[in-house]
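# Topology and contacts: notes
What follows is the residue order along each chain.
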Amino acid sequence: MIKDLIKKEWTDVKRDRKLLLGSILLPLILLPLIGVILFAAIVSQPPIVDIINENYDNIKYVKELCSYIQGNGGIVYINSTQPADVEVIFPSCFYENISDINRTAIVYISYVISSRSSALQLVENGLYNILYNTSIQRIKYLENMSHTEVSPSIIRDPLEVTLLYKLPTGKQASYQQSQFSQLARIVAIILFPAATPVIFFVSDSIMGEKERKTLESLLASPISSRAFIFSKLIISIILGLISSIGDLIGLVAFSLFAPYIIGESITFSATFAILVIIVYLAMILLTASMSIIVLLLLGGSSRNVQIINFIITSFGMIASFSSLFLNFGDLSYPLSLILGIPYVQLVASIMFYVFGLIEESIFSISITLLASIFLLLLASRFLDSERLLLK
């Protein structure tokens, strides 16, 4: 009997081409679209700096800063009225102060709020080069005056800092792993929006039966409530598999833009790809169980379906943004209570994997799967056809 139901559901799905296209195309284009936008923002909108020079004697330092910014992909205007992300002012007294060993020169930086932060970073790095070279010159001057042989660079920089990376487990990590964790956060953010067509399939398919006047005959037939629910679930999982493949292709396409966005190529393992598929399917299973439970509690009216979709969307958005702001490798009480919110466990499983916390990742997925199965069994046990039909 359940086979006949699955065939019927699949026939209905094939007729709904919008659902099929949405399930495949949305996850396929979402990540590459983000990559294209970031790439376009970097390539077509380079940082712009306007340098205001109030004294011709400053020209040596103005040119030095200008050369550094242009050499790192920035655009420089000098004494211009063109709009810029950052304005650097060399005051008239700058040369007099910087050329005197007993004085401190001042440069004014004006940063436009909400502008590209890379422009400010370029300016700060360029000014640091001027600071460094001036310091070396002053140290050499003192060396000559004191007739003492020293290393100006060592005097100027007596401390060398080496940046190392490590996982929350304490194991040493690489810069590439650090960048990979950022990619994982992006994947976690878009995972729920990309699966939206499949996520709402269960509640919408039940409402579709009601709108077509077939729900009453189905519930009145010898079909068990468990077969009715699980036929919807199986089709959702099939759609999820199709959708997850599109998501993985989109992930590969997005990784192609990584060298242009962050300056480094990013590769991900087959294990990570499998994890994304598992999380995708677990998310669909959790959504199906939540949808059916709430649908059975509230009834099958269109207004109740909207309420269900709103609840699911809210939980999904909380989970998506939690990957952006939370460090899942170091959650302590009471912040760890957020793991009790639906979908957050699945987002956490992705981040746990990236951080090397494999057991925690498996545990998070297992808890979600067990909770989903329990809710589905509960729904099939207490399915009230009258409530579903009349409310």
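In short, a report on the structure. (Residues numbered from 1 in each chain as written. Predicted model: local features only at pLDDT ≥ 70, side-chain atom pairs only at ≥ 80, totals over all residues. Heavy atoms only, no water.)

## Let's talk about the overall build of the protein chain
We count it as follows: Each helix corresponds to a stretch of at least 4 residues labelled H or I by DSSP, and each strand to a stretch of at least 2 residues labelled E; elements are numbered beginning at the N terminus. Summary of the burial criterion: residues with accessible area below 20% of their type's maximum are buried, those above 50% are exposed, and those between are partly exposed, where the area comes from a 1.4 Å probe applied to protein chains only. Residues are treated as being in contact if the distance between any of their heavy atoms lies within 4.5 Å. Computed with the Shrake-Rupley method and a 1.4 Å probe, the accessible areas treat only the protein chains shown as cover for residues.
When its secondary structure is counted, the protein chain shows 16 helices and 6 strands. Split into buried and exposed, the 391 residues of the protein chain put 41% on the buried side. Taking the intrachain contacts of the protein chain between residues at least 6 apart in sequence as the baseline, contacts between residues at least 24 apart amount to 78%. Surface summary for the protein chain: the accessible area is close to 21100 Å², and the carbon and sulfur share equals 63%.

## Examining the packing of aromatic side chains
Selection rule: Stacked, edge-to-face and tilted labels apply to pairs of Phe, Tyr and Trp rings (six-membered ring for Trp) whose centres lie within 6.5 Å, assigned for plane angles under 30 degrees, over 60, and everything in between, in that order.
Counted by the stated rule, this structure contains 5 aromatic pairs. Look at F328 and F352: their rings are 6.4 Å apart centre to centre, the planes differ by 80°, and that puts the pair in the edge-to-face class. A residue pair is termed long-range when its members are at least 10 positions apart, and F328 in the loop between α13 (302–325) and α14 (344–354) and F352 in helix α14 qualify at 24 residues. Members of the aromatic cluster, connected to one another through ring pairs, are Y61, F90 and F94.

## Things to note about the nonpolar core
Soluble globular proteins tend to pack their nonpolar side chains together in the buried interior. Condition: Here, the term nonpolar core denotes a set of buried Ala, Val, Leu, Ile, Met, Phe, Trp, Tyr and Cys residues that are joined through side-chain atoms within 4.5 Å.
Of all hydrophobic cores here, the largest spans 41 residues; its most connected members are F272, F328 and Y343. Sorting the residues of this core by element identifies α7 (175–194), α11 (225–261), α12 (270–298), α13 and α14 as the ones contributing at least two each. Looking at which element gives the most residues to this core, the answer is α12, with 12 residues. Core analysis: the second largest hydrophobic core is formed by 18 residues, V49, C66, I98 and V123 among them.

## Focus on the environment of P46
In this fold, P46 is placed in the loop between α2 (17–43) and β1 (48–53). According to the relative accessible area criterion, P46 is buried, its value standing at 18%. When the C-alpha positions of P46 and I75 are compared, they lie 6.8 Å apart, and in sequence the two are 29 residues distant.

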